[in-house]
Amino acid sequence: MRIGIGYDSHRLVEGRRLIIGGVDIPFEKGLLGHSDGDVLCHAVIDAIIGALGAGDIGKHFPDTEERWKDASSMLLLRHILGLARSEGYEVAWIDSIVIAERPKLSPHIESMKSAFEGAGIPPGTISIKAKTNELMGFTGRGEGIAAQSVCLLKKK
Ligand code: MG
């Protein structure tokens, strides 16, 4: 077994789609980023990379690389799951939290789980929780959205 932790945050800005956990969520702002800014997917990817002991998301997908510009983060996840498989590991469990004051994310959680499974996370092995930050800090003020994740990998 190997364990990894992941954290990410992105700024909320006008004129961007809001994509969290692979789901396009109707909202007046979206997350700024080189890729689609999918903060939850990035936290999950970094947890997997951490469990592999393979550096971090910035090492694998530099934001200077044109091919990752506006890329779906689920493609990046697919890539990292391939790396895990090539090293003989599979996902045993992922737990995660999205911290956002608005919009309300709970109606989208099942769709997010399906999107993760579509990218190769084994069915029934991901937990996603959404919470507010009680109006405190950058997430509480709606300046951005943060996410945390842990991942347990098992040797196949
Ligand atoms: Mg990110």
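Note that the structure is predicted; figures quoted are calculated from it, not measured.

Enquirer: Any chance you could break down helix H1 (residues 39-52) for me, citing the residues and the numbers?
Expert: End to end, H1 covers 20 Å across 14 residues, agreeing with the expected 20 Å (1.5 Å per residue, within 8%). Burial of H1 is extensive: 13 of the 14 residues sit out of reach of the surface. Just downstream of H1 lies Gly53, where phi reads positive at about 65°.

Enquirer: Pulling in residues and values, what's your account of the pairing of strand E5 (residues 89-99)?
Expert: Inspection of the sheet shows E5 paired to strand E7 (residues 144-155) by ten bridges, in the antiparallel sense. Across the sheet, the residue bridging to Ser96 is Ser149, located in E7. Bridge count for E5 against strand E6 (residues 126-131) is six bridges, and the pairing is parallel. Note that in E6 the partner of Ile94 across the bridge is Ile126. Handedness of the crossover joining E5 and E6 through helix H4 (residues 109-118): right-handed.

Enquirer: Which residues make up the side chain of His42, and what values do they have?
Expert: Looking at the element boundaries, His42 is found in helix H1. Separated by 3.1 Å, the side chains of His42 and Asp8 make a polar contact. Discounting chain neighbours no more than four positions away, the residues touching His42 are Asp8, His10, Ser35, Asp36, Gly37, Ile57 and Ser73.

Enquirer: Can you break down the side chain of Ser149 residue by residue, with the values?
Expert: Secondary-structure assignment places Ser149 in strand E7. At 3.1 Å, the side chain of Ser149 forms a polar contact with the backbone oxygen of Asp95. Apart from the residues lying within four places of it in its own chain, the contact partners of Ser149 are Gly4, Ile5, Gly6, Ala43, Val44, Ala47, Ile94, Asp95 and Ser96.

Enquirer: Lay out the coordination of the magnesium ion with the relevant residues and their values.
Expert: Bound to the magnesium ion on the protein side are Asp8 (OD), His10 (NE2) and His42 (ND1), at distances that span 2.1 to 2.2 Å. Read in sequence order, the donor residues coordinating the magnesium ion give the pattern D-x1-H-x31-H.

Enquirer: Any details on helix H3 (residues 73-86)? Residues and values, ideally.
Expert: In a regular helix each residue adds 1.5 Å, so 14 residues correspond to 20 Å; H3 covers 20 Å between its end C-alpha atoms and thus fits that length. Inspection of H3 places Ser73, Met74, Leu76, Leu77, Ile80, Leu81 and Ala84 among the buried residues, and these make up the whole buried set. What you see down the axis of H3 is that its buried residues fit within an arc of 150°, all on one side. Opposite the packed face of H3, turned more than 90 degrees from it, sit the exposed residues Leu75 and Ser86.

Enquirer: Summarise the sheet that holds E6; cite the residues concerned and give the values.
Expert: Pairing is mixed in the open sheet, where five strands are placed in the order E4-E1-E7-E5-E6. The open sheet terminates on both sides in strands that have one partner only, identified here as strand E4 (30-31) and E6. Taken together, the ten bridges between strand E1 (residues 2-13) and E7 define a ladder with antiparallel strand orientation. From the neighbouring strand, Arg2 faces E7, where its bridge partner is Leu153.

Scoring rules and cut-offs
- Residues numbered from 1 in each chain as written.
- Predicted model: local features only at pLDDT ≥ 70, side-chain atom pairs only at ≥ 80, totals over all residues.
- Heavy atoms only, no water.
- Helix = DSSP H or I, 4+ residues; strand = E, 2+ residues; numbered from the N terminus.
- Expected span 1.5 Å × (residues − 1).
- Buried < 20%, exposed > 50% of the residue type's maximum accessible area, 1.4 Å probe, protein only.
- Pairing = 2+ DSSP bridges.
- Right-handed = clockwise from strand over helix to strand, strands pointing away.
- Polar contact = N/O pair within 3.5 Å; in protein donor to acceptor, adjacent residues only side chain to side chain.
- Contact = heavy atoms within 4.5 Å.
- Donors = N, O, S within 2.8 Å, 3.2 Å for Na, K, Ca; no water.
- Arc of directions from axis to C-beta.

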